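Residue strings, one per chain:
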Amino acid sequence: MFNPEQLHKKLILADPGFYTFELCEEIGQKLDRITELKAERNAVLLAHNYQRPEIFEVADFTGDSLELSLLAGKVEKAEVIIFCGVHFMAETAKIVSPSKKVILPNIQAGCSLADTAEAEDVRARIEELRNKYPDLGVVSYVNTTAAVKALSDACCTSANAVDVIQAMPNKTILYIPDKNMAAYAAKQIPDKTIIPWEGSCYVHHEIEPESILHIKEIYPDIKVLVHPECRDDVIKLADKALSTSGIIKYAMKSNAERFLAVTECGLSDLLKIQVPGKKFYRACKICRYMKMITLDNIITSLETLQPEITLPEDVRTGAERSIRRMFELT
Ligand code: SF4
């Protein structure tokens, strides 16, 4: 049973104005219902680092795309995976765990970045570029549909994109779909030609350098940790460019006291809860897709086991091959 007082004490760390005691009482009842349903359904609940703070309370595991994909393949005893994240992440869980029922509590939870790369357009672009660069290698970021992963030589995440591209035998790489990450990788690997897909994440692309400079002026000692989906003029201001889990690990280990996590705002909320005693400031934006998952739609999805994520087997095996290649290369 969730104790509303303890819940309130914890959630106000993330947002004291929003999490009133009355709201925490209501949240506690919903969390109890989810716990009961998870046991009945033999379900495991995975939550991405950008989810709402109350969802972390009932998650079996939290993490970034890579960690959750790995975990999805390891939760042997569970029959059902409730994936609290966005559509491509739930697809990735299905790719690595084909025998399990994978549920995305709100089917509208897509991703503006993944949506920039339709499989048919990607196929056409690969054909066009292969005529010009016969040794072209295709690397797709995990933020792509399963169909795009199936067309790629290797998949990657924000934590290992540079390592994957570096390890590919090809000199010329088509990087899909994030142009900001492609530019970041190109700087780290000057001996390869990286051709970007013209996509970006609306959340990270909208973060302006001014908001970081403003906080740095007030706290010159602050450590600025930036997600590589941000623009180049923002990454330039970073002490480190890291994946979401990389940011958490860095903040936990560092001797510094103040941090600015420049990414989706959910990570700042999670950091305040997971790393008490250190100070986290905000230069972030909210992802409307990540926030589409609520305790209510988790309850409904556990009751109905819908909406379920399914994939044609040829797409699933093709995408699995590109994910396996990522692990081989790194
Ligand atoms: S933060 Fe950006 S990349 Fe992540 S799910 Fe939202 S739109 Fe997609």
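Our structure's up above, just so we're on the same page.
Computed from a prediction, not measured in an experiment: that's the story for all the values here. (Residues numbered from 1 in each chain as written. Predicted model: local features only at pLDDT ≥ 70, side-chain atom pairs only at ≥ 80, totals over all residues.)

Peer 1: Kindly report on the packing of helix H4 (residues 65-74) against helix H5 (residues 87-96), identifying the contributing residues and their values.
Peer 2: Between H4 and H5, the least distance of the axes is 8 Å, while the angle of their chain directions is 35°. Crossing of H4 over H5 shows right-handed handedness. On H5, the residues that touch Ser65, Leu68, Ser69, Ala72 and Gly73 of H4 are Met89, Thr92, Ala93 and Val96. The class makeup of the residues in the contact of H4 with H5 is five nonpolar, four polar and no charged. (Axes fitted to C-alpha atoms, helices over the stretch in contact; angles between N-to-C directions. Helix = DSSP H or I, 4+ residues; strand = E, 2+ residues; numbered from the N terminus. Left-handed = near helix turned anticlockwise from the far one by under 90°. Contact = placed C-beta atoms within 7 Å. Nonpolar A, V, L, I, M, F, W, Y, C, P; charged D, E, K, R; others polar.)

Peer 1: Requested: an account of the site of the ligand, with residues and values cited.
Peer 2: Within the structure, the ligand sits among Val86, Cys111, Ser112, Leu113, Asn143, Cys201, Tyr202, Val203, Glu264, Cys287, Tyr289 and Met290. Residues belonging to the shell around the ligand are distributed by class as follows: nine nonpolar, two polar and one charged. (Near = placed C-beta within 6 Å.)

Peer 1: Any details on the nonpolar core? Residues and values, ideally.
Peer 2: Across soluble globular proteins, you tend to see nonpolar side chains buried next to one another. Core analysis: the largest hydrophobic core is formed by 109 residues, its most contacted members being Ile81, Ile82, Phe83, Ala261 and Val262. A per-element tally of this core places H5 first, with six residues. Residues contacting isoleucine 81, with those up to four places away along its chain left out, are Val44, Leu46, Ala72, Val75, Ala93, Ser97, Lys100, Val102 and Ile103. (Core = buried A, V, L, I, M, F, W, Y, C linked by C-beta atoms within 7 Å. Buried ≥ 20, exposed ≤ 12 C-beta atoms within 10 Å, placed from the backbone.)

Peer 1: Tell me about unusual backbone geometry, residues and numbers included.
Peer 2: Across the junction of isoleucine 176 and proline 177, the peptide omega takes the value -5°, indicating a cis bond. The topology assignment puts proline 177 in the loop between strand S7 (172-176) and helix H9 (179-188). With an omega dihedral of -10°, the bond running from glutamine 306 to proline 307 counts as a cis peptide bond. Of note, the phi angle at asparagine 42 is positive, near 50°, even though the residue is not glycine. The exposure class of asparagine 42 is exposed, given the 11 C-beta atoms found within 10 Å. Phi at leucine 305 takes a positive value of approximately 55°, unusual for a residue other than glycine.

Peer 1: I'd like a description of helix H14 (residues 265-274), backed by residues and values.
Peer 2: The buried count for H14 comes to eight of 10 residues, which makes it a mostly enclosed element. Looking only at H14, the buried set comprises Cys265, Gly266, Leu267, Ser268, Asp269, Leu270, Leu271 and Lys272.

Peer 1: A description of the packing of helix H2 (residues 21-41) against helix H15 (residues 295-304) should follow, citing residues and the corresponding values.
Peer 2: Contact pair H2 / H15: the axes reach a minimum separation of 10 Å and the direction vectors enclose 25°. In terms of orientation, H2 and H15 fall into the roughly parallel class. Taken as a pair, H2 and H15 cross one another with a handedness that is left-handed. Facing H2, whose interface residues are Ile27, Lys30, Arg33, Ile34, Leu37, Lys38 and Arg41, H15 presents Leu295, Ile298, Ile299, Leu302 and Glu303. When its residues are assigned to classes, the contact of H2 with H15 shows seven nonpolar, no polar and five charged. (Parallel < 35°, antiparallel > 145°, perpendicular 65-115°, else oblique.)

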